[in-house]
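Observations on the model geometry
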Amino acid sequence: MSIDDQTFDAQPSTNGRPLAPGRVRIRTEPLPGVIGAPAATESATESHVHVAPESVFEADGVGIFYGKKQALIDVSMRVRRGQVTALIGPSGCGKTTFLRSLNRMNDSVSGFRIEGQIRYHGHDIYGTGVDTVEVRRRIGMVFQKPNPFPKSIFDNIAWAPRNLGMRSGLKERVEKALRGAALWDEVKDRLKDSAMGLSGGQQQRLCIARAIAIEPDVLLLDEPASALDPIATGAIEDLIHSLKGRFTIVIVTHNMQQAARVADRTAFFSLETRGEKPIGTLIEFDETEKIFGAPRDPRTRDYVTGRFG
Ligand SMILES: Nc1ncnc2c1ncn2[C@@H]1O[C@H](COP(=O)(O)OP(=O)(O)OP(=O)(O)O)[C@@H](O)[C@H]1O
Ligand SMILES: [Mg+2]
């Protein structure tokens, strides 16, 4: 795990300097439709008004390299607003790589290179002039291993809002985030205690509370329950259900029952041999019921029925 993994969502400022509110922008114009705007409509003047699901991300022909090694090739998919999208597939097929490319978390990895395009609400997030701090403010991330700061529960949640200048109503903001992460009742009487004293499942919900405290648009979750017992896993899944709609969620999971339980749409990635080497790619992306019930691609079928490899 890189340093970034440990510290990313603790880094809303550059060079340790707090960001003044309003300084952060993706390019110079505000993003339309990011928070609270209605879904786009298609052909609204026609009698058969059809509401098109709004895409938060559009990946087009994405290839990702680490030095000379190509980790992903030819990934094109749309992530719909307000939905839960699961990324599944065998180890090493590039799920984490793809997830981290959605908020430019891979930028600091030496040798990282991306081709193709990832648009976020229509903006090329790898375009020139994009403010990566703003990208990560809008697109929060929670990692496999809970990474609370060695601070109090309150200060964990208040850290990012303070650094972003969101100081008014801080107590209410912390409470709202903890309630949103279904942790409030368990910690409301011990907010000054160290977060390190929480159980693993509580720590992971704390990390989700920390991510939602600055009201992002998207939550990226990389195997958020893989280190947890079934009860804590159930709590995280319930939480994902309750956050759905308010946030767009992309979740990597190895647990296919979990994908089936939480995701509206599921993307199956796998390794394909191109030339001599296996490279990760997107095999099939569809409604979760289709992926698990009637996949089109035999490789998806083999994977979801356990016949893979
Ligand atoms: N920082 C890195 N430097 C070099 N290669 C990397 C780096 N991170 C990932 N890779 C390689 O890219 C490929 C995809 O890795 P990735 O972690 O995205 O897979 P994954 O599908 O998330 O696997 P898992 O299910 O085991 O988490 C692998 O071959 C991996 O070794
Ligand atoms: Mg991974």
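Model, not experiment: these values are computed from the prediction. (Residues numbered from 1 in each chain as written. Chains lettered and ligands numbered in written order. Predicted model: local features only at pLDDT ≥ 70, side-chain atom pairs only at ≥ 80, totals over all residues.)

The immediate surroundings of ligand 1 are formed by Tyr-66, Lys-69, Ala-71, Ser-91, Gly-92, Cys-93, Gly-94, Lys-95, Thr-96, Thr-97, Val-109 and Gly-280. Elements with a minimum of two residues in the shell around ligand 1: strand E4 (69–80) and helix H2 (95–101). In terms of residue count, the dominant contributor to the shell around ligand 1 is H2 (three residues). Partitioning the shell around ligand 1 into residue classes produces four nonpolar, six polar and two charged. (Near = placed C-beta within 6 Å. Helix = DSSP H or I, 4+ residues; strand = E, 2+ residues; numbered from the N terminus. Nonpolar A, V, L, I, M, F, W, Y, C, P; charged D, E, K, R; others polar.)

At their nearest, the axes of helix H4 (residues 153–163) and helix H7 (residues 200–212) sit 7 Å apart, and the two run at 30° to each other. Classified by the angle between their axes, H4 and H7 sit roughly parallel to one another. Where H4 crosses over H7, the two elements pack in a sense that is right-handed. In this structure, H4 contributes Ile-153, Asn-156, Ile-157 and Ala-160 to the contact, and H7 contributes Leu-206, Ala-209 and Arg-210. (Axes fitted to C-alpha atoms, helices over the stretch in contact; angles between N-to-C directions. Parallel < 35°, antiparallel > 145°, perpendicular 65-115°, else oblique. Left-handed = near helix turned anticlockwise from the far one by under 90°. Contact = placed C-beta atoms within 7 Å.)

As a further point, take helix H8 (residues 230–243). Compared with the 20 Å implied by 1.5 Å per residue over 14 residues, the 20 Å span of H8 between its first and last C-alpha is a close match. All of the buried residues in H8 are Ala-235, Ile-236, Leu-239, Ile-240 and Leu-243. Taken end-on, H8 shows its buried residues confined to a sector of 140°, consistent with a single buried face. Along H8, exposed side chains directed more than 90 degrees from the buried face belong to Pro-230, Ile-231 and Ser-242. At its buried positions, H8 is contacted by strand E5 (84–88), helix H5 (170–180), H7, strand E9 (218–222), strand E10 (248–252) and helix H9 (256–262). (Expected span 1.5 Å × (residues − 1). Buried ≥ 20, exposed ≤ 12 C-beta atoms within 10 Å, placed from the backbone. Arc of directions from axis to C-beta.)

Turning our eyes to something else, we now look at the environment of Phe-112. Along the polypeptide, Phe-112 turns up in strand E6 (residues 112–120). Once residues within four sequence positions are removed from consideration, Phe-112 is found in contact with Tyr-66, Asn-106 and Asp-107.

We now examine the pairing of strand E8 (residues 139–142). In the case of a regular strand, side chains alternate between the two sheet surfaces. Side chains of E8 alternate between two faces, with Ile-139 and Met-141 and Gly-140 and Val-142 buried alike. Alignment of E8 against E9, held across four bridges, turns out to be parallel. Pairing of Ile-139 across the sheet is with Val-218, part of E9. (Pairing = 2+ DSSP bridges.)

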